[in-house]
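Chain and residue survey
So the chains spell out like this:
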Amino acid sequence: MSKSLITLTTDFGEADYYVPAMKGVILSINPAAEIVDLTHQIPPHDIYAAAFTLKCCYTDFPRDTIHLVVVDPGVGSNRRPIMVMTDNYKFVGPDNGVFSYIYQAEPVNRIVGFTTEHYFRQPVSNTFHGRDVFAPCAAYVSKLVEWRMMGEEVSDPVRFNIPAPAVLPDGRVRGSVIHIDRFGNVITNITDAELTGEAMQAGARVRIGKHEAARVLNHFAAAGPNELFAYFGSAGFLELAVPRQSAARMTEARRGAEVEVVVG
Amino acid sequence: MSKSLITLTTDFGEADYYVPAMKGVILSINPAAEIVDLTHQIPPHDIYAAAFTLKCCYTDFPRDTIHLVVVDPGVGSNRRPIMVMTDNYKFVGPDNGVFSYIYQAEPVNRIVGFTTEHYFRQPVSNTFHGRDVFAPCAAYVSKLVEWRMMGEEVSDPVRFNIPAPAVLPDGRVRGSVIHIDRFGNVITNITDAELTGEAMQAGARVRIGKHEAARVLNHFAAAGPNELFAYFGSAGFLELAVPRQSAARMTEARRGAEVEVVVG
Amino acid sequence: MSKSLITLTTDFGEADYYVPAMKGVILSINPAAEIVDLTHQIPPHDIYAAAFTLKCCYTDFPRDTIHLVVVDPGVGSNRRPIMVMTDNYKFVGPDNGVFSYIYQAEPVNRIVGFTTEHYFRQPVSNTFHGRDVFAPCAAYVSKLVEWRMMGEEVSDPVRFNIPAPAVLPDGRVRGSVIHIDRFGNVITNITDAELTGEAMQAGARVRIGKHEAARVLNHFAAAGPNELFAYFGSAGFLELAVPRQSAARMTEARRGAEVEVVVG
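Report on the accompanying structure. If you're wondering where the values come from, they're calculated on a predicted model, not measured in any experiment.

Our next topic: the side chain of Ser246(A). All names here are of chain A. Mapped onto the elements of the fold, Ser246 is located in the loop between strand 14 (238-241) and helix 7 (247-251). For Ser246, the side chain forms a polar contact with the main-chain nitrogen of Arg249, separated by 2.9 Å. Apart from residues lying up to four places away in sequence, Ser246 is in contact with Phe183 and Gly184.

Given below as structure tokens:
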């Protein structure tokens, strides 16, 4: 029995029985599964945060890893449980848009809707499909059960609109905040495709609300105390930070807030 | 050496050295042990919350799993370290009532008090038996050390009273709150043994304090915005919730609060 | 391929993609690595808290464990990534003093500065060396890559001053607070080397600010309600606590605060 890696992303927190129940179900079905917590601190029901967090690290895992995501505000309704299959990974979770970044980032070979109740934990509750549907399905997938046994192809998955930055005629770049991390760093959707090295050398200023980061730096240590500055973060996006402080608090930035880069 | 599963439930949080010290001790004694965190966020010293959380998921783990629970307000006093043995599981922890739900739920084959100091980490501190007594004992149990080597049978374990719901002559059901989860869902001790499907179809209303849930629903998505509603949760208990809000905050419910169900 | 144990200590929290990205990188390089979370809740950039937490439990892990610590306020600057090798363990992290307690506690056989970029994840970001430098280096070390392949010896590691307690001519002991834990217990740098059993039997009182612990007890259960008391904790240090309350809140103690023990 080969070792199978399964990552878990949920909004269940770590105080309740929800996460260990899922792990127990997985290990009961496949004792060789190795479970890695991606995070359980997605804000409750926040499929956008789950989608972003998964996007930022799923490719760091070995080929054939199964990424299981249970952020599921529609539990008990008729939203479908699905598996998204790409060349290197399988993604298991609710069909509510949580895999939108995956659809954008790479070719999808197949999407399967799980319908075969034989692979569910019985009885299936109305409120905890993480334990009763998603965990057992991911565990059976990790045991290489053929997808045709578990359900049917789905051709119309739910996807949400991923906001794209725009380069204006005068050279300004207009984007938006897509995430705020634990340090209060403000992550935008602007990448080096919109903001070239030459533009940055000409002097780029990043504006958010009434605040402006006057410099785009290479690393935190180059910033002055209390300085709001910009940098390209480890996920490839332009971010705003303040040394040892929360840029989100300083700028009162929220997800969706407009960000503008002025060059020269 | 066969893989042994050990779950950990503590009130140590995840910020200090307490949990990794326990894991290091276990892995030093049994490198083949596989440790799964149940939770470390039990409120400090709250044996009732630990008992409830364990109850809700221990049966999801594979047969022969060892469930190690260290919520131990009496550490250093003469409360006993014990192991509870049932057909499918072993439970290791302090004899302070934390296994009360287990005693209620299934036949206990034997309870052992650990007395053989050979199996403790030396020197035994007065304040951290999780590391010095419980972790090493669980690790030796996972290596299949015979219980007779490790201690003596105990016949009078400490157990706390588990509040039971009552069905009144007029058909009302009176229960109480036994847990509040991360989402603010309010979990009562009322099950479908007290509240039948017919009763619910006749229209059951659930009262807590000055608040009332007018409907018992099958799933969250059926509730209206801001609606306090009731449902049978994934652990088999009647729960109160509000979509995307905290029912505990709305109702000011606390553990022990009275809950009443009026039918028809 | 032998099982290799790697512990992780960071200030990344558990809500973002930082920790799983590191785990994914490690498991991609060495699928046989077994990763144990020490903690990810070190206060942001607090190398003192990281150093203390590691010190308190690293010896509980099996011989040959690799302890990976990423609390790295100087990420992107020219601080070196290093490995500290002792008889039983290897420590991987930034050269910023986070291993100061290790240097004090035991002989160091060698310190290596990682310079061979072949062992880094490419491209190396300026802000996340946990993923791009430290995780892959630890993973290659766990695969027993020879240190000479990975870098060069370092002879002048950064170390911070560990405050030492003093015994005054009149017998008083003057120390300081070095840590505060989740329960609000106040941990000082005073050990039984400064405060002997005889001194304690003669009646030791522990003062912090305007507060005094009148008794040094053996365990929590011996304390009265609301009593501020002292005891030798599980890491070998004199600690202050209040039963079921936060001694830190009661005494307003912070790290670095002076603590005085008066005997007799």
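Let's shift gears to the sheet that holds strand 4 (residues 81-85) of chain B. The strand order 2-1-3-5-4-6-7 (chain B) describes an open sheet built from seven strands, whose pairing is mixed. The outermost strands of the open sheet, each flanked by one partner alone, are strand 2 (33-39) and strand 7 (151-153) of chain B. Within the sheet, the average angular offset between the axes of one strand and its neighbour, ignoring direction, is 25°. Pairing of strand 4 of chain B with strand 6 (residues 110-114) of chain B, which is carried by four bridges, proceeds in the antiparallel orientation. Considered in strand 6 of chain B, the bridge of Met83(B) is made with Val112(B). Most of the contacts of helix 1 (residues 18-29) of chain A go to strand 2 of chain B, to which it runs at about 150°, and overall it touches strand 1 (4-10) and strand 2 of chain B. Sheet strands touched by helix 2 (residues 47-57) of chain B: strand 2, strand 3 (66-70) and strand 5 (90-94) of chain B. Its angle to strand 2 of chain B, the strand with the most contacts, is close to 120°.

The subject of this paragraph is the relation of the copies chain A and chain C. Mapping one chain copy onto the other needs a rotation about an axis and a shift along that axis. Superposition record for chain A on chain C: RMSD 0.0 Å, screw rotation 120°, translation along axis 0.0 Å. Classification of the inter-copy transformation places it as that of a three-fold axis. In this assembly, only 7% of the residues forming the interface of chain A have copies in chain C that are likewise at the interface, indicating a heterologous arrangement.

Whether parallel or antiparallel, the strands of a sheet pair through hydrogen bonds between backbone atoms. Taken in spatial order, the seven strands of this open sheet run 2-1-3-5-4-6-7 (chain A), and their pairing is mixed. Two strands close off the open sheet at either side, each with one partner strand: strand 2 (33-39) and strand 7 (151-153) of chain A. In this sheet, adjacent strand axes meet at a mean angle of 25° when their direction is disregarded. Pairing analysis gives three bridges linking strand 3 (residues 66-70) of chain A to strand 5 (residues 90-94) of chain A, with the strands arranged parallel. Residue Leu68(A) lies in a different strand from strand 5 of chain A, and its bridge partner there is Val92(A). Sheet contacts for helix 4 (residues 129-142) of chain A: strand 1 (4-10), strand 3, strand 4 (81-85), strand 5 and strand 6 (110-114) of chain A; angle to strand 3 of chain A, the most-contacted strand, approximately 175°. Running over the sheet, helix 1 (residues 18-29) of chain C touches strand 1 and strand 2 of chain A and is turned about 150° from strand 2 of chain A.

Quick look at the pattern of salt bridges now. Using the criterion set out here, one finds 51 salt bridges over all chains in the structure. In this structure, the salt-bridge partner of Arg172(A) is Asp170(A), at a minimum N-O distance of 2.7 Å. Of the residues examined, Arg172(A) reaches a relative accessible area of 25% and is grouped as partly exposed. Note that Arg110(B) and Glu153(B) form a salt bridge whose closest N and O atoms lie 3.5 Å from each other. Residue Arg110(B) is located in strand 6, and its partner Glu153(B) is located in strand 7; the two are separated by 43 residues in the primary sequence. Using a relative accessible area of 24% as the deciding quantity, one classes Arg110(B) as partly exposed.

It is worth spelling out the interface of chain B and chain C at this point. Between chain B and chain C, the residue contacts involve 33 residues of the former and 29 residues of the latter. At the boundary of chain B and chain C, one finds one salt bridge. The residue Arg121(B) makes a salt bridge to Asp60(C) at a minimum N-O spacing of 2.9 Å. At the boundary of chain B with chain C, the tally comes to ten residue pairs in polar contact (both at pLDDT 80 or more). Considering each element in turn, the side of chain B that touches chain C owes the most residues, eight residues, to helix 1 (residues 18-29) of chain B. Of the residues assigned to the side of chain B that touches chain C, the class counts are 16 nonpolar, eleven polar and six charged.

This part is about the interface of chain A and chain C. If you look at the interface, chain A gives 29 residues, while chain C gives 33 residues. Contact with chain C buries area across many residues of chain A, yet Asp60(A), Arg182(A) and Ser234(A) alone supply 27% of it, more than any other trio. In this structure, the connection of chain A to chain C is made through one salt bridge. Run the count over chain A and chain C and you get ten residue pairs in polar contact (both at pLDDT 80 or more). Residue composition of the side of chain A that touches chain C, by class: 13 nonpolar, eight polar and eight charged.

Turning our eyes to something else, we now look at the packing of helix 1 of chain A against helix 4 of chain A. All names here are of chain A. At a closest axis distance of 9 Å, the pairing of helix 1 and helix 4 adopts a crossing angle of 35°. Crossing of helix 1 over helix 4 shows right-handed handedness. Contacts from Ala21, Met22, Val25, Ile26 and Ile29 in helix 1 reach Gly130, Arg131, Ala135, Pro136, Ala139 and Tyr140 in helix 4. Residues of the contact of helix 1 with helix 4, tallied by class, amount to nine nonpolar, one polar and one charged.

The rules behind these values
Residues numbered from 1 in each chain as written. Chains lettered and ligands numbered in written order. Predicted model: local features only at pLDDT ≥ 70, side-chain atom pairs only at ≥ 80, totals over all residues. Heavy atoms only, no water. Helix = DSSP H or I, 4+ residues; strand = E, 2+ residues; numbered from the N terminus. Polar contact = N/O pair within 3.5 Å; in protein donor to acceptor, adjacent residues only side chain to side chain. Contact = heavy atoms within 4.5 Å. Pairing = 2+ DSSP bridges. Axes fitted to C-alpha atoms, helices over the stretch in contact; angles between N-to-C directions. Least-squares fit on C-alpha atoms with pLDDT ≥ 70 in both. Salt bridge = Lys/Arg side-chain N within 4 Å of Asp/Glu carboxyl O. Buried < 20%, exposed > 50% of the residue type's maximum accessible area, 1.4 Å probe, protein only. Nonpolar A, V, L, I, M, F, W, Y, C, P; charged D, E, K, R; others polar. Buried area = accessible area lost by both parts, 1.4 Å probe. Left-handed = near helix turned anticlockwise from the far one by under 90°.

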